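Observations on the three-dimensional arrangement
Take a look at the letters that make up each chain.
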Amino acid sequence: MIIVLLGPPGAGKGTQGEHLSEELAIPKIATGDVLRAAVREGTPLGLAAKAAMERGDLVPDDVILGIMKEALASPSAARGAILDGVIRTTPQAEGLARVLAELGRTLDAVLVVDVPDEAIVERLSARTVCDVCQRPFTGRAPGERCDADDHELQGTLVRRKDDEPDAIRNRLAVYQRQTAPVIDWYRTHGAALKFVDGMGTQDEVLTRIRTTLGL
Ligand code: ADP
């Protein structure tokens, strides 16, 4: 099963994608995670992507296409994948269609998680992430210790550079300008488009997603 998750930054795609990945036993592919790991490791990919990411701008389509191809062709994605934030421009949607055709695969659903702008600004301004396991926390201050218990070295909570107010505003503008049109692209290309309200608790949203996807 191949599912594309669309929706503004902070809509909860990562969290819900993680739940779906476990339930369906297929990997979650998140270009944001791949790029952040590359920045941390200082690889050429990371060096090229760092500045754009910190401003909240998109990295070039060909970079994303490369990540997408490699991830989908890997044996771990043989049974499917949840694509979280992988498609943010129309050329990327076209690129994914080409990659899937080459691999003889089909896209099963495009799930759009909707959250109003005010709620996004609130969520992202209150978000910190562990500098070791990268898990996000809401309402915990920078400098606190991560209490996730599945990694030995307990990290420190830090704010993502692109969760600063200017970068948040820019990410929302970029979403409206470059990613929202992707919904129409999928509509005109016959994809199974599904919309889900991303407000409420994680469990409430997950229940809606299950119903919407018929799981
Ligand atoms: P969010 O969805 O919260 O904005 P992500 O962690 O998914 O954050 O992505 C972080 C950043 O990585 C984006 O703001 C962008 O700079 C870059 N990025 C991730 N995926 C893509 C993509 N498909 N196209 C272009 N840039 C991307």
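Up top you'll find the structure we're talking about.
Worth saying up front: this structure is predicted, and the values here are computed from it rather than measured.

Cut-offs used in this document
Residues numbered from 1 in each chain as written. Predicted model: local features only at pLDDT ≥ 70, side-chain atom pairs only at ≥ 80, totals over all residues. Heavy atoms only, no water. Helix = DSSP H or I, 4+ residues; strand = E, 2+ residues; numbered from the N terminus. Rg over C-alpha atoms; globule rule 2.2 N^0.38 Å. Areas by Shrake-Rupley, 256 points an atom, 1.4 Å probe, with all protein chains shown as cover. Pairing = 2+ DSSP bridges. Near = heavy atom within 4 Å. Polar contact = N/O pair within 3.5 Å; in protein donor to acceptor, adjacent residues only side chain to side chain. Nonpolar A, V, L, I, M, F, W, Y, C, P; charged D, E, K, R; others polar.

A few words now on the overall build of the protein. Secondary structure summary: the protein contains eight helices and eight strands in total. Relative to the compact-globule value of 17 Å for 215 residues, the protein shows a C-alpha radius of gyration of 17 Å, a close match. Dimensions of the protein along its principal axes, counting C-alpha atoms only, are 45 × 40 × 35 Å. Carbon together with sulfur atoms contributes 53% to the accessible area of the protein, which is approximately 10,700 Å² in total.

One open sheet accounts for three strands, arranged β6-β5-β7; its pairing is antiparallel. Where the open sheet ends on each side, the last strands, each with one partner, are β6 (136-138) and β7 (157-158). Direction of pairing for strand β5 (residues 127-130) relative to β6: antiparallel, over a ladder of three bridges. Residue R127 lies in a different strand from β6, and its bridge partner there is T138.

Moving on to the site of the ligand. In the vicinity of the ligand, 20 residues are found, and the nearest of them are R36, D57, V86, R88 and R171. At 2.8 Å from a nitrogen atom of the ligand is found a side-chain nitrogen or oxygen belonging to T31. Within the side chain of R88, a nitrogen or oxygen atom sits 2.5 Å from an oxygen atom of the ligand. Contact with the protein chains covers 95% of the free accessible surface of the ligand, which is 550 Å². Sort the elements by how many residues they give to the shell around the ligand and helix α2 (residues 31-41) lands first, with four residues. Residue composition of the shell around the ligand, grouped by class: seven nonpolar, five polar and eight charged.

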